[in-house]
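Observations on the model geometry
Residue strings, one per chain:
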Amino acid sequence: MMMNNVVKSSELSQLFCDFNSIIQSDIVNMLCRKRKKDFTRNRNMNFYSVIYYFIFRNKTTTNAELTHFYSSIDKFEKRISKQALNKAIKKLNPNVFTYLINQFASIYYASSLPKKYRDHLLIAEDGTYMEIPYNVYNINDFQFCMNQHVHDIFDVKKVQSKAGGLYDVTNGLFIDFSLKPAPYSETPLAFAHLYRTKKILKNQKIIYLADRYYGSAEIISHLEFLKYNYVIRGKSNFYKKQVALMQSDDEWIEVEVDDKWLKRFRFSLEAKELRKEKPIFKIRVIKRVYKYTDINHDIHCENLIYFTNLSKEEFSADEVIELYSKRWDIEVSYKTMKTTQEIERHISSNGDVARN
């Protein structure tokens, strides 16, 4: 056991050394700049420092964070002001973090460090809203969703962005993450994450976990193309006719995708080609009745359904439902980001500050 811990510690050290080399690479040097002249002078807060500042950020105020950061690198006498920090952050291209998140995941999954569930990685997809500082610049940048209370820009009371991530619930790691304007749909976010992480997860056995909004035929077909397993909470109107014909609470249904349905495939050419070649696909559907008591001690019953392609021989119905419950960890991670790590704590009118 002691020898194993030494090996793990050594591999973890190597992981951070390799990631540090990536941060200081020519590619990151190029990606981090919005303009060629940005980060050309050797200042106290160069682009390396800004990236490290964000990676290790964990204090409750910017001043405390700056004090902690410069103390940690033993350069407290060179501590900069909040104004200088914000000036540096505005120069940083947010796309550099997408690259770094993906690169960290690549070297992490190439190591023996990741924990697995029965030889599988459990990968969850979900979206959330992130609050952005309220001002006219951010309203125009992140837009807004119109509804019965919001008809135009003058009705907007708070600014939000649509965020989404692909999260390894077994290891507590975001493999990909996006921050988009508020009206952005969760479906294209999910496809963007699946495409960007395809190479990273190529040699891994995956179980994809997702909520009710991700059970479309296109997403399931794309997962089938990637050879991923999945457990997705079902919506009552998805595959309604086929589900109604079920004779038990756990069986496979067959779904045929016709040409009219195929025209609604908008995000995955691979899914479209697969369904052209094989228009009929199978989904294992599991039904459960969930009973709960509310605060008034009234008993309620809710009919739940789950979609999966895991076989009955390997995974019982109860195991599939237990697997789905692990998806909740991505919800917890969002809460941690918003509270403990205070990801929404900034006051800038520059949208890229929020993205960084």
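Next up on the list: the side chain of Ser221. Position of Ser221 relative to the elements: it lies in helix α9 (residues 217-226). Residue Ser221 is classed as buried on the basis of its relative accessible area of 0%. With residues up to four places along the chain from it excluded, the contact list for Ser221 reads Phe265, Ala271, Leu274 and Arg275.

What follows deals with the packing of helix α3 (residues 47-55) against helix α4 (residues 62-72). Contact geometry of α3 with α4 gives a least axis separation of 11 Å together with a crossing angle of 115°. One finds that α3 runs roughly perpendicular with respect to α4. Helix-helix and strand crossings are classified by hand; for α3 and α4 the assignment is right-handed. Here Ser49, Tyr52 and Tyr53 of α3 lie close against α4, whose contacting residues are Thr62, Glu65, Leu66 and Phe69. Within the contact of α3 with α4, the residues separate by chemical class into 4 nonpolar, 2 polar and 1 charged.

Right, let's talk about the sheet that holds strand β3 (residues 173-181) for a bit. Taking strand neighbours across the sheet as the criterion, the 8 strands line up as β3-β2-β1-β4-β5-β8-β7-β6 in an open arrangement whose pairing is mixed. Every interior strand has two partners, whereas the edge strands, β3 and β6 (250-256), have only one. On average, adjacent strands in this sheet sit at an angle of 25° to one another, irrespective of strand direction. Pairing analysis gives 10 bridges linking strand β1 (residues 121-132) to strand β2 (residues 159-168), with the strands arranged antiparallel. Within the sheet, the bridge partner assigned to Ile132 lies in β2 and is Val159.

In total, this model carries 19 aromatic pairs according to the counting rule given. Summarising the aromatic geometry, the rings of Phe174 and Tyr334 are spaced 5.9 Å apart at their centres and angled 35° between planes, so their arrangement reads as tilted. On the criterion of sequence distance, the pair formed by Phe174 in strand β3 and Tyr334 in helix α14 (residues 328-338) is long-range, its members being 160 residues apart. Both residues of the pair, Phe174 and Tyr334, count as buried. Put simply, the rings of Phe16, Phe19, Phe104, Tyr108 and Tyr109 pair up and form one aromatic cluster. Looking at Arg118, its charged tip hangs above the ring of Phe315, at a distance of 4.1 Å from the centre.

We now examine unusual backbone geometry. Of note, Arg118 is a non-glycine position whose phi angle comes to about 50°, a positive value. Its place among the elements puts Arg118 in the loop between α6 (95-109) and β1. Classification of Arg118 as partly exposed rests on a relative accessible area of 40%.

Attention now moves to the pattern of salt bridges. A complete count under the given rule lists 15 salt bridges for this structure. One salt bridge connects Asp119 with Lys205, and the closest N-O pair in it is separated by 3.7 Å. Here Lys205 lies in the loop between α8 (186-196) and β4 (206-210) and Asp119 lies in the loop between α6 and β1, a separation of 86 residues in the sequence. The exposure class of Lys205 is partly exposed, given its relative accessible area of 43%. A cluster of three or more residues bridged by salt bridges with shared partners is formed by Lys34, Asp141, Asp352 and Arg355.

Moving on, we come to the side chain of Glu186. Note on placement: Glu186 falls in helix α8. Of the side chains with opposite charge, Lys162 comes closest to the buried, unpaired Glu186, at an N-O distance of 4.3 Å. Here the side chain of Glu186 touches Tyr214 through a polar contact of 3.4 Å, side chain to side chain. Look past the residues within four positions of Glu186 in its chain and what remains in contact with it is Gly127, Lys162, Tyr213 and Tyr214.

All right, on to the nonpolar core then. Grouped together as the largest cluster of nonpolar side chains are 68 residues, with contacts concentrated most on Met45, Leu92, Leu100, Tyr109, Tyr208, Tyr239 and Ile283. Residue contributions to this core peak at 7 residues, all from α6. Counting 32 residues, the second-largest nonpolar core is a separate cluster that includes Val156, Ile286, Phe315 and Met337.

About the cut-offs
- Each chain carries its own residue numbering, running from 1 in the written order of its sequence.
- The predicted origin of the model limits local features to residues at a pLDDT of at least 70 and limits the giving and counting of side-chain atom pairs to 80 or more, whereas totals for whole chains, interfaces and linings rest on all residues.
- By convention in this description, side-chain values take in all heavy atoms of the structure and omit both hydrogens and water.
- Secondary structure counts use DSSP, requiring at least four H or I residues in a row for a helix and at least two E residues in a row for a strand, with both numbered from the N terminus.
- With a 1.4 Å probe rolled over the protein chains alone, any residue whose accessible area is under 20% of its type maximum counts as buried; one over 50% counts as exposed, and the rest are partly exposed.
- Working rule for contacts: check all heavy atoms of both residues, and any pair within 4.5 Å makes them a contact.
- In this analysis, axes come from line fits to C-alpha atoms, helices being fitted only over the stretch in contact, and the angle between any two N-to-C directions falls in the range 0 to 180 degrees.
- Should an angle fall under 35 degrees it is called roughly parallel, over 145 degrees roughly antiparallel, and 65 to 115 degrees roughly perpendicular, with every other angle called oblique.
- By convention the crossing between two helices is left-handed if the near helix lies anticlockwise of the far one by an angle smaller than a right angle, and right-handed if it lies clockwise.
- Charged residues are taken to be Asp, Glu, Lys and Arg, nonpolar residues to be Ala, Val, Leu, Ile, Met, Phe, Trp, Tyr, Cys and Pro, and polar residues to be all remaining types, Gly included.
- Strands were regarded as paired on the criterion that DSSP finds at least two bridges between them.
- Pairing of aromatic rings covers Phe, Tyr and the six-membered ring of Trp, with a centre-to-centre limit of 6.5 Å; geometry is then stacked below 30 degrees between planes, edge-to-face above 60, and tilted otherwise.
- Geometrically, a lysine NZ or arginine CZ counts as sitting over a ring once it is within 6 Å of the ring centre and also within 35 degrees of the ring normal.
- Salt bridges are identified by distance alone: a Lys or Arg side-chain nitrogen within 4 Å of an Asp or Glu carboxyl oxygen.
- This count recognises Lys and Arg as positive and Asp and Glu as negative, with His and chain-terminal groups excluded.
- For this analysis, a polar contact is any N or O atom pair within 3.5 Å, provided that within protein one partner can donate a hydrogen and the other can accept it, and provided that sequence-adjacent residues contribute only side-chain to side-chain pairs.
- Put simply, a nonpolar core is a bunch of buried Ala, Val, Leu, Ile, Met, Phe, Trp, Tyr and Cys residues held in one set by side-chain atoms that sit within 4.5 Å of each other.

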